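# Observations on chain architecture
What follows is each chain in one-letter form.
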Amino acid sequence: MVSIVIPNYNAFELLKKCIISIKEKTNEDIEIIIVDNASKDLDIDYINNLENVKFIYLDKNYGFSKAVNEGILNSNSEYIILLNNDTEIEFGFVEKLLEQIKSDEYIFSVSSKMIDYRNRKIIDDAGDEYSIVGWTKKVGNGKSIDKFVKPRKIFSSCAGAAIYRKKIFEEIGYFDESFFAYLEDVDICYRANINGYKNIFCPDAIVYHVGSATSGSKHNDFKVKLSARNNIYLVVKNMPILQLILNLPLLCIGFFVKYLFFLKKGLGKSYLLGIKEALLSIKKIQKPKFKFKNIINYLRIELRLIANLFLYFI
């Protein structure tokens, strides 16, 4: 059996469509675990009448990381699919993800091929990468769905529609709840990379994604502030001190360019507030213990971060 964990916050109509698509388009033995962050628009009777659905209601909005952790911890399955409430799956989505992750015991996560819900001829996300200047990239975003048709190794899986191996969570830790939302999926996959595990893109697992349904828009004060803060958390947490010092000049350049980008959009203040909050709260971040046995993995990550910088020029 596989568990599908769906975090939810004030988006019942989208959640309902998501659940219907799962019920209609998978033949696997599944359980659905809905973790709700104290929504005000729920139809409890509808949820209670659903078969093979476990419902967890949290007392306030704890964010994405806490919600999915609750779902993972309440699952007895070997494999966990995380699915945003603003998604609808295609036939074979669950089956293809399972097939891919079972192919290699060192695979931690498998990312689906996320397609734009409104324009189903273009890709939303075909796997995520992270670069030496502290930028993430949704590979394939805006490109034709005819692109990215082969499985490949990626830096990170988008937690909006991906499968994970539960026993590796137990080894490397769960989603960092101090992140609240945004970049927590890059963080968990960064840790997997450090420990020698793989993240893979599966082009045959198709899901349609609305995008920013909970936060309200692609760029807004809330999202920009949290993302800026969490990007600082991400590098400080996962890079050993020597690597962090080595990369600091390029990271500073990357953060400054991001600031200029958001300044033009009228969100420069929010970006700086996120940076400020990160610097004031950085001590609370739990940095994984450095293990010398992972030194080769750190070197591989460094080379990948450098190489990923060139993704922005192609």
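Residues numbered from 1 in each chain as written. Predicted model: local features only at pLDDT ≥ 70, side-chain atom pairs only at ≥ 80, totals over all residues. Heavy atoms only, no water.

## Here we look at the overall build of the protein
How we decide: Only DSSP runs of H or I covering at least 4 residues are called helices, and only runs of E covering at least 2 are called strands; the numbering of each starts at the N terminus. Each radius of gyration reported is based on C-alpha atoms, and the globular scaling rule is 2.2 Å times the count of residues to the power 0.38. In this description, contact between two residues means that some pair of their heavy atoms is separated by no more than 4.5 Å. Working definition of accessibility: Shrake-Rupley area with a 1.4 Å probe, residue cover restricted to the visible protein chains.
Along the protein, the regular secondary structure elements total ten helices and twelve strands. The C-alpha radius of gyration computed for the protein amounts to 19 Å, which stays within 12% of the reference 20 Å derived for 314 residues, consistent with globular compactness. In terms of its C-alpha atoms, the protein occupies a principal-axis envelope of roughly 55 × 40 × 40 Å. Sequence separation of 24 or more characterises 75% of the internal contacts of the protein that already satisfy a separation of 6 or more. Carbon together with sulfur atoms contributes 56% to the accessible area of the protein, which is approximately 14,900 Å² in total.

## Points about the packing of helix α8 (residues 241-264) against helix α10 (residues 295-308)
Rule in force here: Angles shown run from 0 to 180 degrees and are taken between the N-to-C directions of axes, each axis being a line fitted to C-alpha atoms and, for helices, limited to the stretch in contact. These descriptions rest on fixed angle ranges, namely under 35 degrees for roughly parallel, over 145 for roughly antiparallel, 65 to 115 for roughly perpendicular, and the rest for oblique. By convention, the crossing between two helices is left-handed when the near helix turns anticlockwise from the far helix through less than a right angle, and right-handed when the turn is clockwise.
Contact geometry of α8 with α10 gives a least axis separation of 12 Å together with a crossing angle of 10°. One finds that α8 runs roughly parallel with respect to α10. Both α8 and α10 take part in a crossing whose hand is right-handed. In this structure, α8 contributes Gln 243, Leu 246 and Asn 247 to the contact, and α10 contributes Tyr 298, Glu 302 and Leu 305.

## Topic: unusual backbone geometry
This is how it is decided: When accessible area is computed with a 1.4 Å probe and restricted to protein chains, residues below 20% of their type maximum are described as buried, those above 50% as exposed, and intermediate ones as partly exposed.
Positive phi, close to 50°, is recorded for Asn 10, a residue that is not glycine. For Asn 10, a relative accessible area of 34% gives the class partly exposed. Despite not being glycine, Ala 38 shows a phi value in the positive range, around 60°. Along the chain, Ala 38 turns up in the loop between β2 (30-36) and α2 (44-48). Overall, Ala 38 belongs to the buried group, its relative accessible area being 10%.

## Let's talk about a negative patch on the surface
Going by this rule: Here the term patch refers to residues with relative accessible area over 30% and no salt bridge, with like charges joined within 9 Å and nonpolar side chains (Val, Leu, Ile, Met, Phe, Trp, Tyr) within 5 Å. For salt bridges, the criterion is a side-chain nitrogen of Lys or Arg within 4 Å of an Asp or Glu carboxyl oxygen. This count recognises Lys and Arg as positive and Asp and Glu as negative, with His and chain-terminal groups excluded. Where a charge sits is defined by one atom per residue type, namely NZ (Lys), CZ (Arg), CG (Asp) or CD (Glu).
There is a patch of like negative charges on the surface, built from Glu 13, Asp 41, Asp 43 and Asp 45. Relative to the elements of secondary structure, Asp 41 occurs in the loop between β2 and α2.

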